[in-house]
Amino acid sequence: MAYWLFKSEPFKWSWQMQKDQGEAGEEWDGVRNYQARNNMRAMEIGDLGFFYHSNKGKEVVGIVAVSALAHPDSTTDDERWECVDIKAVADMPEPVTLADVKANEKLADMALVTSMRLSVQPVKKDEWLEVCRMGGLSDPPTNG
DNA sequence: GCCAACGTTGGC
DNA sequence: GCCAACGTTGGC
């Protein structure tokens, strides 16, 4: 089991829209980057991830869980592209901004800082716990 | 809206 | 297989 971070521009697909999908979850389609796709292929059911608003907001706003393994991306016929489904799990009580992450020495190696343009990123467990702590989640969800 | 960073494409 | 041109992402 692992932790991840999903980036979305809120005017294309926002946290609110994700939450509105409820348990049904939503296909994380549209990824056209091999590294991001490979990350999705590595995901397991129940893996947890941060939901990050890029461009506008630039903050971690919620927590999601993987609800379907990687499968063909329905938005393209190109069989190279696959995606997982994710569902909303919890709000961040206090959204954690990119500036907050950059200002925290413990998060200096986080992909959000070092791999700015990667849209689906791995998150280490200590990073997961630290961002949850910053976001006001006293009892952060973990996956073993 | 600009532009730096960086991933992808395509000519050779 | 190299690398210049091009396109996209995303912070500012």
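Before reading further, recall that the structure is shown in the block above.
Bear in mind that the values here come from a model prediction, so they are computed numbers and not experimental data.

(A) Representation of the overall build of chain A within the structure. Looking only at helices and strands, one finds 5 helices and 6 strands in chain A. Rg of the C-alpha trace for chain A: 14 Å, near the compact-globule value of 15 Å for 144 residues, within the 12% margin. With the C-alpha coordinates of chain A rotated into their principal frame, the extents come out at 40 × 30 × 30 Å. For chain A, the residues scored as buried account for 35% of the 144 residues in total. Sequence-distant contacts in chain A: of pairs separated by 6 or more residues, those separated by 24 or more amount to 70%.

(B) Quick peek at the nonpolar core. Membership of the largest hydrophobic core comes to 36 residues, with the highest contact counts inside it found for Phe6, Met40, Phe50 and Phe51. Secondary structure elements with two or more residues in this core: strand E1 (3-8), helix H2 (34-41), strand E3 (48-53), strand E4 (59-72), strand E5 (82-97), strand E6 (120-123) and helix H5 (125-134). For this core, the element with the most residues is E5, which contributes 6 residues. If we skip the residues at most four places from it in the chain, Phe6 touches Trp28, Gly49, Phe50, Phe51, Tyr52, Val64, Ile86 and Val120.

(C) Main features of the sheet that holds E1. Taken in spatial order, the 6 strands of this open sheet run E2-E5-E4-E3-E1-E6, and their pairing is mixed. Each end of this open sheet is capped by a strand with a single partner; those strands are strand E2 (26-27) and E6. Inspection of the sheet shows E1 paired to E3 by 6 bridges, in the parallel sense. Bridge pairing links Tyr3 to Leu48 in E3.

(D) Molecular detail of the environment of Trp128. Note that Trp128 resides in helix H5. For Trp128 and Leu48, which are 80 residues apart along the polypeptide, the C-alpha to C-alpha distance reads 9.4 Å. When near neighbours in sequence (up to four residues on either side) are disregarded, Trp128 contacts Tyr3 and Val123.

(E) Region of the structure containing the protein's contact with DNA strand C. Around DNA strand C, a shell composed of Lys7, Ser54, Asn55, Lys58, Leu98, Met116, Arg117 and Ser119 is seen. A breakdown of the residues in the surface near DNA strand C according to their chemical character gives 2 nonpolar, 3 polar and 3 charged.

(F) Structural detail: unusual backbone geometry. Residues other than glycine seldom take positive phi values, yet Asn55 does so here, at roughly 70 degrees. Here Asn55 shows up in the loop between E3 and E4. The exposed category is assigned to Asn55, around which 11 C-beta atoms lie within 10 Å.

(G) Broad picture of H5. Along H5, the residues that are buried comprise Glu127, Trp128, Val131, Cys132 and Met134. For H5, the buried positions fall inside an angular range of 160 degrees around the axis, keeping them on one side. Where H5 is buried, its residues contact E1, E3, E4, E5, helix H3 (98-103) and E6. Taken from the residues just after H5, Gly136 is the one with a positive phi, measuring 85 degrees.

Conventions and cut-offs
Residues numbered from 1 in each chain as written. Chains lettered and ligands numbered in written order. Predicted model: local features only at pLDDT ≥ 70, side-chain atom pairs only at ≥ 80, totals over all residues. Helix = DSSP H or I, 4+ residues; strand = E, 2+ residues; numbered from the N terminus. Rg over C-alpha atoms; globule rule 2.2 N^0.38 Å. Buried ≥ 20, exposed ≤ 12 C-beta atoms within 10 Å, placed from the backbone. Contact = placed C-beta atoms within 7 Å. Core = buried A, V, L, I, M, F, W, Y, C linked by C-beta atoms within 7 Å. Pairing = 2+ DSSP bridges. Near = placed C-beta within 6 Å. Nonpolar A, V, L, I, M, F, W, Y, C, P; charged D, E, K, R; others polar. Arc of directions from axis to C-beta.

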